[in-house]
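Architecture and fold: a report
Listed below are the residues making up each chain.
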Amino acid sequence: MTTASRTPALRLVMYLRVSTAGQLDGYGLEAQEKDCRRWAKKHGHRIVVVKTDGAVSGKTSDEERPGLTEALGILAAGEADGILSPTLDRLARELTVQEAALSVIWAYGRRAFTVDHGEHVPDDDEDPMRKFVRQVMGAAADLERGLIAKRLRNGRRTKAAAGGYAYGAPAYGQRAEDKTLTVDSDEAAVLDQMRAWQAEGVSIRGICERLNAAEIPSKRGGKWHPTTVARLLSPDARAAARQQSAQTRAAEREQTKRQRADRILSRLT
């Protein structure tokens, strides 16, 4: 009489993450954990610890995602045999980070599982399609997230162009009430006074000094600076400031992407 072989029970780190796209599709941490526990029980594996990361922005670095960092550290220390996530795109938002994380897991001889796929086995030179299919699926998920983000941006721009309140902190002289912009009468009065001083020939620096001398707070409650006053009174200055901010944010995003992948890859050494 023969006995059917059974895969030994594994110690798994459950890793869950909520992203902007995840919040939109309603797949929150509770639902993710329920799916992972059901899968682990079905396959006879044991969850030794759960690590999570909340919603992260495009500027978030790997070090600001302690859940993933701790999960990989547990695997590296030999305290678990593998990692379990609902899907690969919950392990990492971007394809480059996904591949780097998998490389770390496999380099330590650990295993990677997802509820929707099962085990993601290490790459094999004799089976190049394995890596190709995984990366194509990762790229497709990356594309879907990008399209969702683009639709949100377009919606905000359309609303803003129509005069509605779309996003960001309200401008000086306005405040947000129930997602709608309304006039802040106190700030509007200050803005009118600033324009009156400008019409009298008072310089930007002079207006700034008068505001601070009168102890009138800025939008954020601090002192006034000439650049802030200039943005409020000069359309050209506002446009230049917006363009500079956009360029700075774009550069920061690209730098963050490179740094995030480099940090995860450095764990291989």
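The paragraphs below set out a description of the structure included in this document.

Analysis parameters
Residues numbered from 1 in each chain as written. Predicted model: local features only at pLDDT ≥ 70, side-chain atom pairs only at ≥ 80, totals over all residues. Heavy atoms only, no water. Salt bridge = Lys/Arg side-chain N within 4 Å of Asp/Glu carboxyl O. Helix = DSSP H or I, 4+ residues; strand = E, 2+ residues; numbered from the N terminus. Buried < 20%, exposed > 50% of the residue type's maximum accessible area, 1.4 Å probe, protein only. Pairing = 2+ DSSP bridges. Axes fitted to C-alpha atoms, helices over the stretch in contact; angles between N-to-C directions. Contact = heavy atoms within 4.5 Å. Parallel < 35°, antiparallel > 145°, perpendicular 65-115°, else oblique. Left-handed = near helix turned anticlockwise from the far one by under 90°. Nonpolar A, V, L, I, M, F, W, Y, C, P; charged D, E, K, R; others polar. Phe/Tyr/Trp six-rings, centres within 6.5 Å; stacked < 30°, edge-to-face > 60°.

The subject of this paragraph is the pattern of salt bridges. By the definition in use, this model includes ten salt bridges. Two residues, R11 and D81, come together in a salt bridge whose shortest N-O distance is 3.1 Å. Of the two residues, R11 sits in strand 1 (residues 11–17) while D81 sits in the loop between helix 3 (66–76) and strand 3 (82–85), which places them 70 residues apart along the sequence. Of the charged contacts in the structure, one is a salt bridge between R37 and E33, with a shortest N-O distance of 2.9 Å. Of this pair, R37 and E33 both sit in helix 2 (residues 29–42), four residues apart, which is roughly one turn of that helix. With relative accessibility at 39%, the residue R37 sits in the partly exposed group.

Sheet architecture is open: five strands sit in the order 2-1-3-4-5, paired in mixed fashion. For this open sheet the edge positions go to strand 2 (46–53) and strand 5 (118–120), each flanked by a neighbour on one side alone. On average, adjacent strands in this sheet sit at an angle of 30° to one another, irrespective of strand direction. As judged from the three bridges shared by strand 4 (residues 111–114) and strand 5, these two strands associate in the antiparallel manner. Across the sheet, T114 pairs through a bridge with G118, a residue of strand 5. Against the sheet, helix 2 contacts strand 1, strand 2, strand 3, strand 4 and strand 5, and its axis sits at roughly 155° relative to strand 1. This element, helix 5 (residues 95–107), spans strand 3, strand 4 and strand 5 of the sheet and lies at about 130° to strand 4.

Okay, the packing of helix 7 (residues 185–199) against helix 8 (residues 204–213) next. Across the interface, helix 7 lies against helix 8 with an axial gap of 10 Å and an inter-helix angle of 140°. Classified by the angle their axes make, helix 7 and helix 8 are oblique. Like other packed secondary-structure pairs, helix 7 and helix 8 cross with a definite hand, here right-handed. Across from V190, M194, W197 and Q198 in helix 7, the residues of helix 8 making contact are I204, I207, R210 and L211. The class makeup of the residues in the contact of helix 7 with helix 8 is six nonpolar, one polar and one charged.

Here we take up the environment of E119. Residue placement: E119 occurs in strand 5. The exposure class assigned to E119 is partly exposed, which follows from its relative accessible area of 26%. Once the C-alpha coordinates of E119 and G82 are considered, the two residues, 37 residues apart in sequence, prove to be 9.7 Å apart.

Next up on the list: unusual backbone geometry. At E215, a position not held by glycine, the phi torsion is positive, near 55°. With respect to the helices, strands and loops of the structure, E215 is situated in the loop between helix 8 and helix 9 (226–233). Owing to a relative accessible area of 69%, E215 belongs among the exposed residues under this scheme.

A few words on the packing of aromatic side chains. Tallied over the entire structure, the rule returns two aromatic pairs. On the basis of an interplanar angle of 45° and a centroid distance of 5.5 Å, the ring pair of W39 and F113 is categorised as tilted. Of this pair, W39 sits in helix 2 while F113 sits in strand 4, placing them 74 residues apart in sequence. Relative accessible area serves as the criterion here: at 6%, F113 is assigned to the buried category. Each ring, one from Y172 and one from W224, has its centre 5.2 Å from the other, and the planes form 75°; the classification is edge-to-face. You can see Y172 sitting in the loop between helix 6 (128–161) and strand 6 (174–177) and its partner W224 sitting in the loop between helix 8 and helix 9, a full 52 residues away along the chain. The exposure class of W224 is buried, given its relative accessible area of 3%.

Just distances and angles here, no functional claims.
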